[in-house]
Amino acid sequence: MTDSSPSAVQLTEGGAVLMNGNRLRDEIVAELAIEIERLGSPAVCLATVLVGDDKPSRLYVKSKHKKAQQAGMLSRHVELGADATQAEVETVVGELADDPSVHGILVQLPLPDGLDPEPVLDLVPPEKDVDGLTERSMGRLVRGKPGLVPCTPLGVMRLLERYGIETAGKTAVVIGRSTLVGLPQVLLLGRKGVDATVTLAHSRTADLVETCRNADIIVAAAGIAKLIGAEHVKPGATVIDVGVSRTGDGIQGDVDFDAVQAIAGAITPMPGGTGPMTIACLLQNTLTAARLQGLVED
Ligand code: GUN
């Protein structure tokens, strides 16, 4: 790292631009705090639902609340044990859906085994769907209509914008086809105005090196530790790591950072890249949701 002043671009040892998600999240949270204070309106409120005792999920939810508070939002948390029934989870989400003082609802995923997330998510009204995961929000994204967009792929788009990475006419490969990240990421990169030519790779892709090595942008969201090495990356390409795997060596991303930073033009660290951006976009979506519900004026 070269310079620690807030606006300076940081470079990795190999000379790639380090796409610092912590820094951009802090900028976004500070902007939201100013905006929310200026609105001086009834409090914007985010509610989270956590089912079970998955430790990482608990930590993620805790940081969502911490940042919501820093942005000047109220936040509410509902927790159910790992033995909660489908009906109990649906009742909790239904109550939050009906509560006019709650503007955004996030059901932390994954739910424990045996619970079906889809009917739970579909109880979230589209105007409170700050995760953008309901059928209606996804449908709006597919149809190119305005709406709330899933936070992690939106965070990737914000990083690309913030670091001036060109997308129009560029080639992008998204690895992983989850509803949470891969599928909406393909739509966001390919949508009008962004205009990348996008390939969706996944576990059955025949030759991942061949598929990736001419790409201008790689978004790795497969959840396979160190899947992407230097051999996958064209010199100067942008490499964005969305993967999180818990291994014997601790938490690992999908990208072998040390190898890839020596060849990439820009790269996200892990942690400190896309994770914080998911939270920043969740909070932006929550303010948008409050506006959709007529709480505050644009
Ligand atoms: N689990 C991991 N990431 C996410 C996310 O963005 N939203 C929800 N609801 N659960 C998650």
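Quick look at the structure, then. In every chain, residue numbers begin from 1 and rise along the written sequence. Side-chain atom pairs in this predicted model are given and counted only at pLDDT of 80 or more, local residue features only at pLDDT of at least 70, and totals for whole chains, interfaces and linings cover all residues. Hydrogens and water are ignored here; the side-chain numbers use all heavy atoms of the structure.

With that settled, consider the overall build of the chain. Along the backbone of the chain there are 10 helices and 11 strands. All radius of gyration figures rest on C-alpha atoms, and the globule criterion is 2.2 Å times the number of residues raised to 0.38. Compactness check: the chain gives a C-alpha radius of gyration of 19 Å against a globular reference of 19 Å for 298 residues, within 12% of the reference. The principal-axis extents of the C-alpha atoms in the chain amount to approximately 50 × 45 × 40 Å. A simple rule labels every residue: compare its accessible area, found with a 1.4 Å probe on the protein chains alone, to the largest value its type can have, and call it buried under 20%, exposed over 50%, or partly exposed in between. The proportion of buried residues among the 298 residues of the chain is 48%. Taking as baseline every contact in the chain between residues at least 6 positions apart, the subset at least 24 positions apart corresponds to 69%. Accessibility throughout is a Shrake-Rupley quantity obtained with a 1.4 Å probe, and a residue counts as covered only by protein chains that appear here. Here the chain has roughly 13900 Å² of accessible surface; of this, 51% comes from carbon and sulfur atoms. Positive residues here are Lys and Arg, negative ones are Asp and Glu, while His and the chain termini are left out of the count. Throughout, a charge is located at the NZ atom of Lys, the CZ atom of Arg, the CG atom of Asp or the CD atom of Glu. Side chains of the chain carry 27 positive and 38 negative charges; the gap between the two charge centres is 4 Å. What counts as a helix is a DSSP run of H or I of at least four residues, what counts as a strand is a run of E of at least two, and both are numbered from the N terminus. Any two residues whose heavy atoms approach within 4.5 Å at even a single point are treated as in contact.

Okay, the sheet that holds strand β11 (residues 266-267) next. Within a sheet, each strand pairs with its neighbour through backbone hydrogen bonds, oriented either parallel or antiparallel. Two strands pair if DSSP finds at least two bridges between them. Taking strand neighbours across the sheet as the criterion, the six strands line up as β1-β11-β8-β7-β5-β6 in an open arrangement whose pairing is parallel. A strand with exactly one partner marks an edge of an open sheet, and here the two such strands are β1 (17-18) and β6 (197-201). Two strands pair when backbone bridges link them, and strand β8 (residues 238-241) and β11 are joined in this way by two bridges, in the parallel orientation. When the bridges of β11 are listed, Thr 238 appears paired with Ala 266.

The subject of this paragraph is the sheet that holds strand β2 (residues 45-51). In space, the three strands of this open sheet follow the order β3-β2-β4, with parallel pairing throughout. For this open sheet the edge positions go to β3 (74-80) and β4 (104-107), each flanked by a neighbour on one side alone. With strand direction ignored, the average angle separating the axes of adjacent strands in the sheet is 15°. Contacting β2, β3 and β4, helix α2 (residues 55-70) crosses the sheet at an angle of about 160° to β3. Lines are fitted to the C-alpha atoms to define the axes, a helix being fitted only along its stretch in contact, and any angle between axes, read from their N-to-C directions, falls within 0 to 180 degrees.

Now for the packing of helix α6 (residues 151-162) against helix α7 (residues 182-190). Orientation of α6 relative to α7, taken along the N-to-C sense of each, is 35°, at an axis distance of 9 Å. For α6 against α7, the interelement crossing comes out right-handed. Across from Pro 153, Leu 154, Val 156, Met 157 and Leu 160 in α6, the residues of α7 making contact are Pro 184, Gln 185, Leu 188 and Leu 189. Split into classes, the residues belonging to the contact of α6 with α7 amount to eight nonpolar, one polar and no charged. Note: crossing handedness is left-handed where the near helix turns anticlockwise from the far helix by less than a right angle, and right-handed where it turns clockwise. Throughout, the ten residues Ala, Val, Leu, Ile, Met, Phe, Trp, Tyr, Cys and Pro are labelled nonpolar, Asp, Glu, Lys and Arg are labelled charged, and all others, Gly among them, are labelled polar.

A word on the site of the ligand. Here a residue is near a molecule or strand as soon as one of its heavy atoms is found within 4 Å of it. The environment of the ligand is made up of Leu 106, Val 107, Gln 108, Leu 109, Asp 131, Thr 152, Leu 180 and Thr 278. N or O atoms closer than or at 3.5 Å make up a polar contact, with two conditions inside protein: a donor-capable atom paired with an acceptor-capable one, and, for residues adjacent in sequence, both atoms drawn from side chains. For the ligand, a nitrogen atom lies 2.4 Å from a polar atom in the side chain of Asp 131. For the ligand, the protein covers 85% of the area, taking 280 Å² as the surface of the free molecule. Tallied by class, the residues present in the shell around the ligand amount to four nonpolar, three polar and one charged.

Ring pairs are drawn from Phe, Tyr and Trp, using the six-membered ring of Trp, whenever the two centres fall within 6.5 Å, and their geometry is named by plane angle: stacked under 30 degrees, edge-to-face over 60, tilted for the rest. One pass over the full model with this rule turns up zero aromatic pairs. Positioned above the aromatic ring of Tyr 163 is the side chain of Arg 162, whose terminal nitrogen or guanidinium carbon lies 5.4 Å from the ring centre. Only when the NZ of Lys or the CZ of Arg is both within 6 Å of the ring centre and within 35 degrees of the ring normal is a charge said to sit over the ring.

For α7, the set of buried residues is Gly 182, Pro 184, Gln 185, Leu 188 and Leu 189. For α7, the arc enclosing every buried residue in end-on projection is 160°, short of the 170-degree limit, so these residues lie on one face. Buried residues along α7 sit against α5 (135-143), α6, β5 (171-175), β6 and β7 (217-220). In this context, the arc is that of the directions from the helix axis out to the C-beta atoms.

Next up on the list: the pairing of β6. By the bridge criterion, five bridges tie β5 to β6 in an arrangement that is parallel. Paired with Thr 171 across the strands is Thr 197, a residue of β6. By definition, the crossover connecting two strands over a helix is right-handed if that path, from the first strand to the second, turns clockwise as seen with the strands pointing away from the viewer. Handedness of the crossover is the feature at issue here: the chain leaves β5, passes through α7, returns alongside β6, and the resulting connection is right-handed.

In this description, the term disulfide denotes a pair of cysteine sulfurs within 2.5 Å. Enumeration over the complete set of coordinates arrives at zero disulfides. Here Cys 45 stays free of any disulfide, with the sulfur of Cys 151 as its closest cysteine sulfur at 16 Å. Left unpaired, Cys 151 is separated from the closest cysteine sulfur, that of Cys 281, by 6.5 Å.

The next subject is a nonpolar patch on the surface. Together, Tyr 60, Val 244 and Ile 251 give the surface a local cluster of nonpolar side chains, amounting to about 250 Å² of exposed area. If you trace the backbone, Tyr 60 turns up in helix α2. Note that patches include only residues with greater than 30% relative accessible area and no salt bridge, and the join distances are 9 Å for like charges and 5 Å for nonpolar side chains (Val, Leu, Ile, Met, Phe, Trp, Tyr). Note on definitions: salt bridges are taken to be side-chain nitrogens of Lys or Arg within 4 Å of carboxyl oxygens of Asp or Glu.

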